[in-house]
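Residues per chain are reported as follows:
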Amino acid sequence: MSSIPVERFAKSLNTINLYDLSLPELTALLADWGQPAFRARQVWEWLYRHFAAGAAEMTSLPAALRERLAAETTLSIGDVVVRQDSRDGRTTKVLFRLPDGQFIETVLMGYEKRRTLCISTQAGCAMGCVFCATGQMGFMRHLSVAEIVGQVTYFARELAARGEHVTNIVMMGMGEPLHNYDNTLAAVDRLTDATGLNLGARKITISTVGLVPAIRRYADEQRQTPLAISLHAADDEERGRLLPVNRRWPIAELMDACRYYVEKTGRRLTFEWALIAGENDTEEQAHKLGQLLRGMLAHVNLIPLNPTAGYGGAPSSPERVARFQKALEEYGIGSTVRVRRGIDIQAGCGQLRDRHVSGQ
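Anyway, here's the lowdown on the structure attached to this text. Note that the structure is predicted; figures quoted are calculated from it, not measured. All residue numbers here refer to positions counted from 1 along the written sequence of the relevant chain. Under the rules for a predicted model, residues below a pLDDT of 70 receive no local features and side-chain atom pairs below 80 are neither given nor counted, while totals for whole chains, interfaces and linings still include all residues. Side-chain calculation: all heavy atoms of the structure are included, whereas hydrogens and water are not.

## Focus: the pattern of salt bridges
Then, number 1: Salt bridges are defined by distance alone: a side-chain nitrogen of Lys or Arg within 4 Å of a carboxyl oxygen of Asp or Glu. One pass over the full model with this rule turns up 22 salt bridges.
Then, number 2: Across the salt bridge formed by Asp182 and Arg217, the nearest N and O atoms sit 2.9 Å from each other. Here Asp182, found in helix 6 (residues 181-192), pairs with Arg217, found in helix 7 (residues 212-220); they are 35 residues apart in sequence, far enough to count as distant.
Then, number 3: A salt bridge links Asp235 to Lys288; the nearest nitrogen and oxygen atoms lie 3.1 Å apart. Taken as a pair, Asp235 in the loop between strand 11 (227-230) and helix 8 (236-242) and Lys288 in helix 10 (residues 283-293) lie far apart in primary sequence, 53 residues in all.
Then, number 4: The network of salt bridges with shared partners includes Arg83, Arg115, Glu158, Arg162 and Glu164. In this text, helices come from DSSP runs of H or I with a minimum length of four residues, and strands from runs of E with a minimum of two, each type numbered from the N-terminal end.

## Things to note about the nonpolar core
Then, number 1: Among the buried residues, those of types Ala, Val, Leu, Ile, Met, Phe, Trp, Tyr and Cys that are joined through side-chain atoms within 4.5 Å form a nonpolar core. For the exposure calls, accessible area comes from a 1.4 Å probe over protein chains only, and a residue counts as buried if that area is under 20% of its type's maximum, exposed if over 50%, partly exposed in between. One finds Leu69 and Phe271 to be the most contacted residues of the largest nonpolar core, which totals 103 residues.
Then, number 2: Here the element with the most residues in this core is helix 5 (residues 145-161); it accounts for eight residues.
Then, number 3: Throughout, a residue-residue contact means that at least one pair of heavy atoms, one from each residue, lies within 4.5 Å. Those residues within four positions of Leu69 in sequence are excluded, and the remaining contacts are Leu18, Leu30, Trp33, Val43, Ala55, Met58 and Leu61.

## Concerning the sheet that holds strand 4 (residues 91-97)
Then, number 1: Spatial strand order, 3-4-5-6-9-10-11-12-13-14: ten strands in an open sheet with mixed pairing. The strands lining the two open edges of the sheet, one partner per strand, are strand 3 (79-85) and strand 14 (334-337). For this sheet, the mean inter-axis angle between neighbouring strands, taken without regard to orientation, is 20°.
Then, number 2: For two strands to count as paired, DSSP must find a minimum of two bridges between them. Across three bridges, the pairing between strand 9 (residues 168-171) and strand 10 (residues 204-208) is parallel. Looking at strand 10, one finds that Val170 is bridged to Thr205.
Then, number 3: The axes used here are C-alpha line fits, helices contributing only the stretch in contact, and every angle between their N-to-C directions lies in the interval 0 to 180 degrees. Along the sheet, helix 11 (residues 318-329) contacts strand 12 (269-275), strand 13 (298-304) and strand 14; its crossing angle with strand 14, the most-contacted strand, is approximately 165°.

## Some remarks on the pairing of strand 5 (residues 103-110)
Across a regular strand the side chains alternate sides, sitting on one face of the sheet and then on the other.
Then, number 1: With eight of its eight residues buried, strand 5 lies for the most part within the structure.
Then, number 2: Of the two faces of strand 5, the one lined by Phe103, Glu105, Val107 and Met109 and the one lined by Ile104, Thr106, Leu108 and Gly110 are each fully buried.
Then, number 3: The pairing of strand 4 with strand 5 spans seven bridges and is classified as antiparallel. Residue pairing in the sheet places Thr92 in a bridge with Leu108 of strand 5.
Then, number 4: The hairpin formed by strand 4 and strand 5 contains five residues between the paired strands, and Gly101 there has a positive phi angle of roughly 95°.

## A few points about the side chain of Lys93
Then, number 1: Tracing the backbone shows Lys93 in strand 4.
Then, number 2: At a separation of 2.6 Å, a polar atom in the side chain of Lys93 contacts the side chain of Glu105. Pairs of N or O atoms are called polar contacts if they sit within 3.5 Å, as long as, within protein, a hydrogen donor faces a hydrogen acceptor (for residues adjacent in sequence, only side-chain-to-side-chain pairs).

## Comments concerning the packing of helix 5 against helix 6
Then, number 1: Put simply, helix 5 and helix 6 touch, their axes get as near as 8 Å, and they point 45° apart. Between helix 5 and helix 6, the crossing angle belongs to the class labelled oblique. Classified by chirality, the crossing of helix 6 by helix 5 is right-handed. Between helix 5 and helix 6, the residues in contact are Val145, Ile148, Val149 and Val152 and Asn183, Thr184, Ala186, Ala187, Arg190 and Leu191, respectively.
Then, number 2: In terms of residue class, the contact of helix 5 with helix 6 is built from seven nonpolar, two polar and one charged. To sort the angles, those under 35 degrees are grouped as roughly parallel, those over 145 as roughly antiparallel, those from 65 to 115 as roughly perpendicular, and the leftovers as oblique. Left-handed is the label given to a crossing in which the near helix is rotated counterclockwise from the far helix by less than a right angle, and right-handed is the label when the rotation is clockwise. When residue character is reported, Ala, Val, Leu, Ile, Met, Phe, Trp, Tyr, Cys and Pro are called nonpolar, Asp, Glu, Lys and Arg charged, and the others, Gly included, polar.

## Focus on the environment of Ile251
Then, number 1: As for its position among the elements, Ile251 is in helix 9 (residues 251-265).
Then, number 2: For Ile251, a relative accessible area of 5% gives the class buried.
Then, number 3: Residues Ile251 and Pro213 lie 38 residues apart in sequence; the distance between their C-alpha atoms is 14 Å.
Then, number 4: Residues within four places of Ile251 in sequence aside, it is in contact with Ala233, Ala234, Asp235, Asp236, Arg239, Asn246 and Leu292.

## Side note on the packing of aromatic side chains
Then, number 1: Here a Phe, Tyr or Trp ring, Trp counted by its six-membered ring, pairs with any other such ring whose centre lies within 6.5 Å, and the pair is stacked when the planes are under 30 degrees apart, edge-to-face when over 60, and tilted otherwise. For the coordinates displayed, the defined rule picks out seven aromatic pairs.
Then, number 2: Consider the rings of Phe96 and Tyr154, whose centres lie 5.3 Å apart with planes at 85°: the pair is edge-to-face. Of this pair, Phe96 sits in strand 4 while Tyr154 sits in helix 5, and the two are 58 residues apart along the sequence.
Then, number 3: With a relative accessible area of 2%, Phe96 lands in the buried category.
Then, number 4: Linked through ring pairs, Tyr19, Trp44 and Tyr48 together constitute an aromatic cluster.
Then, number 5: When the ring centre of Tyr111 is taken as origin, the NZ or CZ atom of Arg114, which lies over that ring, is 4.2 Å away.
Then, number 6: Sitting over a ring, as applied to charges here, requires NZ of Lys or CZ of Arg to be within 6 Å of the ring centre and within 35 degrees of the ring normal. Positioned above the aromatic ring of Tyr260, the side-chain terminus of Arg216 is 4.9 Å from the ring centre.

## Focus: the pairing of strand 9
Then, number 1: Covered by surrounding structure in strand 9 are Asn168 and Val170 together with Ile169 and Met171, the residues of both alternating faces.
Then, number 2: Alignment of strand 6 (residues 115-118) against strand 9, held across three bridges, turns out to be parallel. The residue bridging Leu117 from the neighbouring strand is Ile169, located in strand 9.
Then, number 3: Between the parallel elements strand 9 and strand 10, the chain passes through helix 6 in a crossover that is right-handed. Here, the term right-handed applies to a crossover whose path from the first strand over the helix to the second runs clockwise when the strands point away from the viewer.

Function-wise, these values are silent; they only describe arrangement.
Written out as structure tokens, the structure reads:
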């Protein structure tokens, strides 16, 4: 399998994770084993349609092939070390320990008609956003394709057992997706493959703090997967305090890239804004944001802050949220206040890992 880049795999694995392979790569692997092409398609269906937990469950395969798959490949991304369910039963959070000892988090959020997964793309994060638990812990490494996809199939298996399925995915967990660009987009391709999980491209949202070259590359690739920009402030002074990445790509450069994306793709951009009491929830900031986005195909996702141990900020009150939203309306900017989920189980990215590692 020399055609598969080594860096795509978790380095501590001694076996190939099947979720790291595209269908052509899986076909090539099984061809090396003397298997016909249709066996690869059977394995592929067991991965993405039946969500097999291991080779032993792939009962349509010959016993000898199942045994070799069990010996030389894996489907696991690691062990579940903590699992928490919210009191209202609508949110489940899992902390995975990866084979090399790193931790990542995945959250399942249940709504009336949707089952949304918030997944991680890195262990830790290099962006250093001050109010984010993941940003506070620093960067460990990129996740492999299998480690990204495996978070989805773990919950897809659980949902299928009760007659449900994953409807939406947000790449808003641990890490900066566009910092791990190649593996993130390879995972998207795997999850949207019509012969695989077959999730609609527009049902997956990629969130970025604003890596300008990556946004432009993403626009040039004409992908259908929506993009969300973590903005959180409308001037460089305020944004620089909250998001260190702003020192590398200030707002003017970021907005140029955003306009390029909209012009190139014709797609609406979502701007995320974590509302922090007395910090960025003022009417002044709302008006600056309205002026910044006026005339752009854009929507603002307002998110009352999820407090973390490493940051002293507090969520905005409903009254301040309402005033902020009203100010945006003056500029024709639509906005939505995100429903806060799983506060009682540290559902914000990085919080459960931080609590587990610190032993608190």
